[in-house]
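Report on the structure
Chain by chain, the residues:
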Amino acid sequence: MDEISPLWGVCPFDKIKEGLIDCRAKSRLPENPKSVIAVCFPYLLEKENYKNINISKYAVVTDYHTVVLGRLNRAAEKLKNLYPDEEFVAFADNSPVPEVSAACKAGLGARGLNTLLITEEYGSYVFIGEIVTSLEIKVEDVTEKYCIGCKKCIEKCPSGALTYAGFDRALCLSEITQKKGDLTEEELRLMKDCGCVWGCDICQDICPMNKNAAVTSVEEFISSPIPFVDEGCTLENRAYEWRGRKTIERNISLHKR
Ligand code: B12
Ligand code: SF4
Ligand code: SF4
């Protein structure tokens, strides 16, 4: 596993089975899942990459779905060679596994009030992927950690998605920027004010636990950053590709009005 990322850990499947997400990918789970090998992939780049930026940092790098799944599939294949009687299935994002929970329960970091996993070295600027396996991997019990609770993310969230009562997905700018079709006046205003045409980083950039986040050494992320998108931009192998051209171009045109 160290070959694909130094930041990984194991969470017993039983610990996340109650929180499984209902999605199509659920059918790919091994028949008798016993362990989740959760893996983090840091994506923060050197500051100079963000000088002229109009999308969220996670979308600046090559599509993480491809990168993370590619690496995890290679690791799963090697594990299968070592344990031919067991099943190893890789997932990234499009996964029935509640990834933040699994990573926290595997001891990879703390759960932030912004809902995200915050690792010690890379802060919350990490993607999470996992290999679910029928192999029973014995691990010590992990005490789950929480962030320092400064509430800056709640205070600075521009849309009210993060409140003291919890998180409202429908209000989150990250959700709004990927919403298809017509947006409400309020959604348009929020998106225009935040200046971002895809995703939102406010509750991460404001977080003191991200202050000294280390930059990534994942080669696929370093090699091809695109921090600024405009009409006619390439969608190929980008995190916004799955939504199609219409949605991102609607957002781009909003900022030109
Ligand atoms: C749907 C989704 C979204 C939705 C909803 C997000 C949400 N917070 O619910 C939208 C589109 C808004 C979104 C936005 C973003 N997302 Co998203 N998203 C997902 C996805 C696909 C599913 C999440 C989900 O529904 N989980 C199910 C819930 C029920 O599980 P849970 O979070 O563990 O919650 C349970 C408990 O833990 C508890 N709980 C929840 N929150 C908290 C908080 C505290 C303090 C406590 C004690 C308990 C608790 O309540 C639940 C009980 O059932 C995951 C991938 C995955 N498969 O997990 C990525 C994922 C969470 N997203 C990710 C990212 C990067 C983002 C963005 C940062 C992207 C961006 N820059 O715009 C934003 C962040 C917005 C935010 N502040 O959350 C990463 C997070 C990486 C990390 N470091 O944590 C993930 C893991 C994708 C990945 N493979 O890397 N996302
Ligand atoms: S991503 Fe933006 S809108 Fe969503 S919770 Fe964080 S600060 Fe609020
Ligand atoms: S800003 Fe403060 S409250 Fe929010 S996630 Fe970071 S440490 Fe936790």
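Residues numbered from 1 in each chain as written. Chains lettered and ligands numbered in written order. Predicted model: local features only at pLDDT ≥ 70, side-chain atom pairs only at ≥ 80, totals over all residues. Heavy atoms only, no water.

Focus on the domain arrangement of the chain
- When its domains are assigned, the chain resolves into domain 1 (8-46 + 61-146) and domain 2 (152-210 + 227-254).
- Each of domain 1 and domain 2 has a C-alpha centre, and these two points are 25 Å apart.
- Tallying the contact residues gives 15 residues for domain 1 and 13 residues for domain 2.
- Around 1200 Å² of area is buried between domain 1 and domain 2 when both sides are counted, 55% of it from carbon and sulfur atoms.
- Summed over the shared surface of domain 1 and domain 2, the number is 0 salt bridges. (Domains from an automatic or database assignment. Contact = heavy atoms within 4.5 Å. Buried area = accessible area lost by both parts, 1.4 Å probe. Salt bridge = Lys/Arg side-chain N within 4 Å of Asp/Glu carboxyl O.)

Remarks on the sheet that holds strand β1 (residues 8-12)
- Taken in spatial order, the 4 strands line up as β1-β2-β6-β3 in an open sheet, and their pairing is antiparallel. Each having just a single partner strand, β1 and β3 (88-92) make up the two edges of the open sheet. Recorded for the sheet is a direction-independent mean angle of 25° between the axes of neighbouring strands.
- Note: β3 against strand β6 (residues 126-133), 5 bridges, orientation antiparallel. By the bridge assignment for β6, Val89 is matched with Val132.
- This element, helix α2 (residues 64-82), spans β2 (35-42), β3 and β6 of the sheet and lies at about 170° to β3. (Pairing = 2+ DSSP bridges. Helix = DSSP H or I, 4+ residues; strand = E, 2+ residues; numbered from the N terminus. Axes fitted to C-alpha atoms, helices over the stretch in contact; angles between N-to-C directions.)

Things to note about the environment of Phe88
- With respect to the helices and strands, the residue Phe88 is situated in strand β3.
- We classify Phe88 as buried; its relative accessible area is 12%.
- Between the C-alpha atoms of Phe88 and Ser35, which are 53 residues apart in sequence, the distance is 9.7 Å.
- Ignoring any residue separated from it by four or fewer positions in sequence, one finds Phe88 in contact with Ala76, Leu79, Lys80, Tyr83, Ile131, Val132, Thr133 and Leu135. (Buried < 20%, exposed > 50% of the residue type's maximum accessible area, 1.4 Å probe, protein only.)

Observations concerning the sheet that holds strand β4 (residues 110-111)
- Pairing is mixed in the open sheet, where 3 strands are placed in the order β5-β4-β7. The sheet is open, and its two borders are formed by β5 (117-118) and β7 (145-146), each paired with just one other strand.
- With 2 bridges connecting them, β4 and β7 associate as parallel partners. Paired with Ala110 across the bridge in β7 is Lys145.

Observations concerning the nonpolar core
- By size, the foremost hydrophobic cluster in this structure holds 40 residues, and its most contacted members are Phe127, Ile131 and Phe221.
- Mapped by element, the contributors of at least two residues to this core are β2, α1 (57-60), α2, β3, β6 and α9 (245-254).
- Examining the composition of this core, we find that 7 residues originate from one element, α2, more than from any other.
- Both domain 1 (8-46 + 61-146) and domain 2 (152-210 + 227-254) contribute no fewer than three residues apiece to this core.
- In contact with Phe127, other than residues within four places in its own chain, are Val39, Cys40, Phe41, Tyr43, Tyr58, Val61, Tyr64, Val68 and Phe221.
- In terms of nonpolar packing, the next biggest core, distinct from the first, is built from 24 residues, Leu7, Cys11, Val97 and Val132 among them. (Core = buried A, V, L, I, M, F, W, Y, C linked by side-chain atoms within 4.5 Å.)

Digging into the pattern of salt bridges
- The tally for this structure, following the rule as stated, stands at 15 salt bridges.
- Linking Lys15 and Asp141 is a salt bridge whose minimum nitrogen-to-oxygen distance equals 3.0 Å. On the criterion of sequence distance, the pair formed by Lys15 in the loop between β1 and β2 and Asp141 in the loop between β6 and β7 is long-range, its members being 126 residues apart.
- Judged by its relative accessible area of 68%, Asp141 falls in the exposed class.
- Note that Glu186 is salt-bridged to Arg189, the shortest N-O span being 2.9 Å. Here the residue Glu186 and the residue Arg189 both occupy positions in helix α6 (residues 185-194), the gap between them amounting to 3 residues, near one helical turn.

Considering the site of ligand 3
- Around ligand 3 lies a shell of 13 residues, among which Cys147, Cys150, Lys151, Cys153 and Cys207 are the nearest.
- Its residues assigned to classes, the shell around ligand 3 shows 9 nonpolar, 3 polar and 1 charged. (Near = heavy atom within 4 Å. Nonpolar A, V, L, I, M, F, W, Y, C, P; charged D, E, K, R; others polar.)

Quick notes on the side chain of Gln204
- Summarising the element assignment, Gln204 is placed in helix α7 (residues 202-205).
- Judged by relative accessible area, Gln204 falls into the buried class, the value being 6%.
- Within polar-contact distance, the side chain of Gln204 engages the side chain of Ser124 at 2.7 Å.
- Apart from the residues within four sequence positions on either side, Gln204 is in contact with Tyr43, Asn114, Leu116, Ser124, Tyr125 and Asn210. (Polar contact = N/O pair within 3.5 Å; in protein donor to acceptor, adjacent residues only side chain to side chain.)

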